[in-house]
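Coordinates in review
Here is how the chains run, residue by residue.
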Amino acid sequence: MPQVTASVTVPCDPGTAFAVSQTTGKLRLSWDPFIREQHFLHGATAPDKGVQTLTKARVGPTMISQYSSYRPPTSVGMTMVKGPWFFANFGGGWRFKPSADGGTEATWKYTYSIRPGWLRFVAEPIGQWLLGREIRARINAFAKACADPAVLAAVRPD
């Protein structure tokens, strides 16, 4: 299956970086350029393995995804439950590890497949370009959020 990956080093510890990546509500909307709306489903109030979320992208598509893993402060994984017709499968994984300079190296990866099969030859290169652009914009916005005093104050315990 095709994949797109992006990495960035941020100036905070892995626990803080992970916490920024899992923000919700207005705080998440303040930094994440992809999301127009996002909320937990089925009465869930926090992320955890098995929890589902509904995400509406700023550009239109809506996806219901489920946490396939939730391991603070090192990694989180999501898989598509229901989404745009052109994805047969979609999943994302975000990993966080200490960097040599005392910060955190964040690596985000999306894996997907296109349907119908006959469309893959044309759609996968387009998907690589579009999803590559999107993941780079998101991780760069995440990096800015990890240096934003207001975001950091919101995720760090007093």
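So, a few notes on the structure that sits alongside this text. Bear in mind that the values here come from a model prediction, so they are computed numbers and not experimental data.

Thresholds applied
- Residues numbered from 1 in each chain as written.
- Predicted model: local features only at pLDDT ≥ 70, side-chain atom pairs only at ≥ 80, totals over all residues.
- Heavy atoms only, no water.
- Helix = DSSP H or I, 4+ residues; strand = E, 2+ residues; numbered from the N terminus.
- Rg over C-alpha atoms; globule rule 2.2 N^0.38 Å.
- Phe/Tyr/Trp six-rings, centres within 6.5 Å; stacked < 30°, edge-to-face > 60°.
- Buried < 20%, exposed > 50% of the residue type's maximum accessible area, 1.4 Å probe, protein only.
- Contact = heavy atoms within 4.5 Å.
- Patch = residues over 30% accessible without salt bridge, like charges linked within 9 Å, V, L, I, M, F, W, Y side chains within 5 Å.
- Areas by Shrake-Rupley, 256 points an atom, 1.4 Å probe, with all protein chains shown as cover.
- Salt bridge = Lys/Arg side-chain N within 4 Å of Asp/Glu carboxyl O.
- Lys, Arg positive; Asp, Glu negative; His and termini not counted.
- Charge placed at Lys NZ, Arg CZ, Asp CG, Glu CD.
- Pairing = 2+ DSSP bridges.
- Axes fitted to C-alpha atoms, helices over the stretch in contact; angles between N-to-C directions.

**A short note on the overall build of the protein chain**
For the protein chain, the helix and strand inventory stands at four helices and seven strands. Element order for the protein chain, N to C, with α for helix and β for strand: β-α-α-β-β-β-β-β-β-α-α. At 16 Å, the protein chain has a C-alpha radius of gyration in line with the 15 Å of a compact globule built from 158 residues. Overall, the C-alpha framework of the protein chain stretches about 55 × 35 × 25 Å when taken along its three principal axes.

**Describing the packing of aromatic side chains**
One pass over the full model with this rule turns up twelve aromatic pairs. Relative to F90, the ring of F87 lies with its centre 5.0 Å away and its plane at 50°, an arrangement referred to as tilted. On the basis of relative accessibility, which here comes to 8%, the residue F87 falls in the buried class. Given the relative accessible area of 15%, F90 is considered buried. Each member of the aromatic cluster is reached from another via a ring pair, and the members are F18, W31, Y67, Y70, W94, F96, W108 and F142.

**Here we look at the environment of P84**
Along the polypeptide, P84 turns up in the loop between strand 5 (75-82) and strand 6 (87-98). Separated by 32 residues in the primary sequence, P84 and Q52 have C-alpha atoms spaced 16 Å apart. Residues in contact with P84, not counting those within four places in the same chain, are P61, T62, M63 and R115.

**Examining a positive patch on the surface**
On the surface, K49, R71, R95 and K109 cluster together into a patch of positive charge. Here R95 is to be found in strand 6.

**Thoughts on the pattern of salt bridges**
Enumeration according to the criterion identifies five salt bridges in this entry. D32 serves as the salt-bridge partner of R28, at 2.8 Å between the closest nitrogen and oxygen. Comparing R28 with D32, the two get one shared label, buried. The partner of K56 in a salt bridge is E37, with the nearest N and O atoms 3.7 Å apart. Pair noted here: K56 is in strand 3 (residues 52-57) and E37 is in strand 2 (residues 35-40), with a separation of 19 residues, a long-range link. A relative accessible area of 26% means that K56 is categorised as partly exposed. The exposure class assigned to E37 is partly exposed, which follows from its relative accessible area of 31%.

**Notes on the sheet that holds strand 2**
Consider a sheet: its strands pair through backbone hydrogen bonds, and that pairing is either parallel or antiparallel. Here seven strands make up an open sheet; going across it, the order is 1-7-6-5-4-3-2 and the pairing antiparallel. What marks the edges here is a single partner per strand, and that holds for strand 1 (3-10) and strand 2. Put simply, the sheet's adjacent strands are angled 20° from each other on average, direction ignored. Inspection of the sheet shows strand 2 paired to strand 3 by five bridges, in the antiparallel sense. Bridge assignment links F40 to a residue of strand 3, and that residue is T53. Its contacts with the sheet put helix 1 (residues 14-21) on strand 1, strand 4 (62-71), strand 5, strand 6 and strand 7 (104-114), and the angle it makes with strand 6 is roughly 150°. Packing against the sheet, helix 3 (residues 120-145) makes contact with strand 1, strand 2, strand 6 and strand 7, and its axis sits at approximately 155° to strand 7.

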